[in-house]
Amino acid sequence: MTQYLDFEKPLAEIEGKAEELRALGRANEEMDVAAEAAALDAKAETLLRDLYKSLTPWRKCQVARHPERPHCRDYIEALFTEFTPLAGDRNFADDHAVMGGLARLDDRPVMVIGQEKGADTKSRILHNFGMARPEGYRKAVRLMEMANKFGLPVITLVDTPGAYPGKGAEERGQSEAIARSTEKCLQIGVPLISVIIGEGGSGGAVALATADRVAMLEHSVYSVITPEGCASILWKDSEKMREAAEAMRLTAQELQKLGVVDRLIDEPLGGAHRDRDASIEAVGKALGQMLGEMDGKTPAKLIQSRREKFLAMGAKGLAA
């Protein structure tokens, strides 16, 4: 059953009525409900187009967090073959919020690393809702070093509200681990491609997204803090998250204008959760194209151009 967001309630009513009609038709074959159901379907599609034609930044946050949106594991299972997961940071533990390993994309060997939120209550708890602890970022560093040693491109799939802020994580050096992961992104001499598939939250996202090419799905978001967190700090009122989302310029469209991201990946009408297969296919196509853009570049050139890219970031200014 589709889970509807708050602003989709009118759509839920129409689609619910259409499904009720079809259920009646299945129960009583003498009832001809096809025409009425089709009319409701057309009305629902029109409303869906209107709703998603001009989503506000806060509504985009809601879509990016939709529980049925494809997660890291979904993309890995659908796009990559011969995936061999690698676990642990060789120091403290294995962090299930960060998954990664060796794989093939279109028969090309790569290292894939991503943040997994989980799909149900049990898996969300296991993966800590995609909020990595220090050992998660240290695992990512280990895998990037391995990829660099064997000349494998690195692909990262970003989907996190932010790094885990718990006491234990801070005691084990959360900020240092994030900084080391970000540093490693800038140091490796192999292509590094990143896609923000849902939420790109704070340093927890930057630690995996300091890449040669950064792409965002159409309704994903990328910001230094959640709108609720920003509102709590600025206005001491988390209910002002809508105003915060407007001011933060966290949508894919605005970030592309600012030069923070390089590519937008279109989502199906109604968001990635409405047609998961099409969304995953679009990401796979974009990954192949971005990797192709990196072909032939030497390690020194990759490192230099990546460094120059991030040093120049912000040059367009907020007037962009």
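Summary of the structure given here.

Conventions and cut-offs
Residues numbered from 1 in each chain as written. Predicted model: local features only at pLDDT ≥ 70, side-chain atom pairs only at ≥ 80, totals over all residues. Heavy atoms only, no water. Helix = DSSP H or I, 4+ residues; strand = E, 2+ residues; numbered from the N terminus. Buried < 20%, exposed > 50% of the residue type's maximum accessible area, 1.4 Å probe, protein only. Salt bridge = Lys/Arg side-chain N within 4 Å of Asp/Glu carboxyl O. Contact = heavy atoms within 4.5 Å. Pairing = 2+ DSSP bridges. Polar contact = N/O pair within 3.5 Å; in protein donor to acceptor, adjacent residues only side chain to side chain. Core = buried A, V, L, I, M, F, W, Y, C linked by side-chain atoms within 4.5 Å. Axes fitted to C-alpha atoms, helices over the stretch in contact; angles between N-to-C directions. Parallel < 35°, antiparallel > 145°, perpendicular 65-115°, else oblique. Left-handed = near helix turned anticlockwise from the far one by under 90°. Nonpolar A, V, L, I, M, F, W, Y, C, P; charged D, E, K, R; others polar.

## Comments concerning unusual backbone geometry
- Despite not being glycine, R90 has its phi angle at roughly 60°, a positive value.
- Notably, D107 is not glycine yet its phi reads approximately 70°, a positive angle.
- One can find D107 in the loop between β2 (98–105) and β3 (108–115).
- Of the residues examined, D107 reaches a relative accessible area of 57% and is grouped as exposed.

## As for the pattern of salt bridges
- Tallying each qualifying case throughout the model produces 25 salt bridges.
- A single network of salt bridges, built from pairs that share partners, joins R65, K117, D159, E199 and E228.

## Topic: the environment of G101
- Tracing the chain through its elements places G101 in strand β2.
- With a relative accessible area of 0%, G101 lands in the buried category.
- A C-alpha to C-alpha distance of 9.6 Å links G101 and A140, two positions 39 residues apart in sequence.
- Among residues more than four places away in sequence, those in contact with G101 are F83, T84, P85, L86, V110, M111, V112 and L143.

## Here's the deal with the pairing of β3
- Among the eight residues in β3, six count as buried, and that is most of the element.
- Sheet topology places β2 next to β3; eight bridges connect them, and they run antiparallel. The partner of G101 across the bridge, within β3, is V112.
- Between β2 and β3, which pair antiparallel and follow one another directly, the connecting turn spans two residues, one of which, D106, has a positive phi of 55°.

## Details of the side chain of T160
- Turning to its location among the elements, T160 is positioned in strand β4 (residues 154–160).
- For T160, a relative accessible area of 0% puts it in the buried group.
- One polar contact links the side chain of T160 to the main-chain carbonyl oxygen of G130, over a distance of 2.8 Å.
- In this structure, T160 is in contact with Q115, K117, G130, M131, E199, G200, G201, G204 and A205, ignoring residues within four places of it in sequence.

## Focus: the environment of R242
- Looking at where R242 falls in the secondary structure, it is placed in helix α11 (residues 241–248).
- With relative accessibility at 44%, the residue R242 sits in the partly exposed group.
- With 10 residues separating them along the chain, R242 and S232 place their C-alpha atoms 12 Å apart.

## Section: the environment of S202
- With respect to the helices and strands, the residue S202 is situated in helix α9 (residues 202–209).
- Sequence spacing of S202 and P161 is 41 residues, and the spatial spacing of their C-alpha atoms is 7.5 Å.
- Residues in contact with S202, not counting those within four places in the same chain, are S223 and V224.
- Among the polar contacts made by the side chain of S202, one reaches the main-chain carbonyl oxygen of V224 at a distance of 3.1 Å.

## Some remarks on the nonpolar core
- If you look at the biggest cluster of nonpolar residues, it comprises 32 residues, and the most contacted ones within it are I113, Y137, M144, V154, M216 and Y222.
- Of all elements in the fold, only β3, α6 (134–150), β4, α8 (174–187), β5 (192–201), α9, β6 (213–217) and α12 (252–257) reach the threshold of two or more residues within this core.
- When near neighbours in sequence (up to four residues on either side) are disregarded, I113 contacts V98, M99, G100, A140, L143, M144, V154, I155, T156, L157 and L208.
- If you look at the next biggest cluster of nonpolar residues, it comprises 26 residues, including L217, L287, M290 and L302.

## Observations concerning the packing of α6 against α8
- Running from N to C, α6 and α8 cross one another at 20°; their axes reach a closest spacing of 8 Å. Between α6 and α8, the crossing angle belongs to the class labelled roughly parallel. Here the hand of the crossing between α6 and α8 comes out left-handed. On α8, the residues that touch P134, Y137, R138, A140, V141, M144 and E145 of α6 are Q174, E176, A177, I178, R180, S181, K184 and C185.
- Among the residues forming the contact of α6 with α8, the class breakdown is eight nonpolar, two polar and five charged.

## Let's talk about the side chain of R306
- Looking at where R306 falls in the secondary structure, it is placed in helix α14 (residues 299–312).
- Excluding residues within four positions of it along the chain, R306 makes contact with C185, L186, Q187, I188, V190, L192, T210, A211 and D212.

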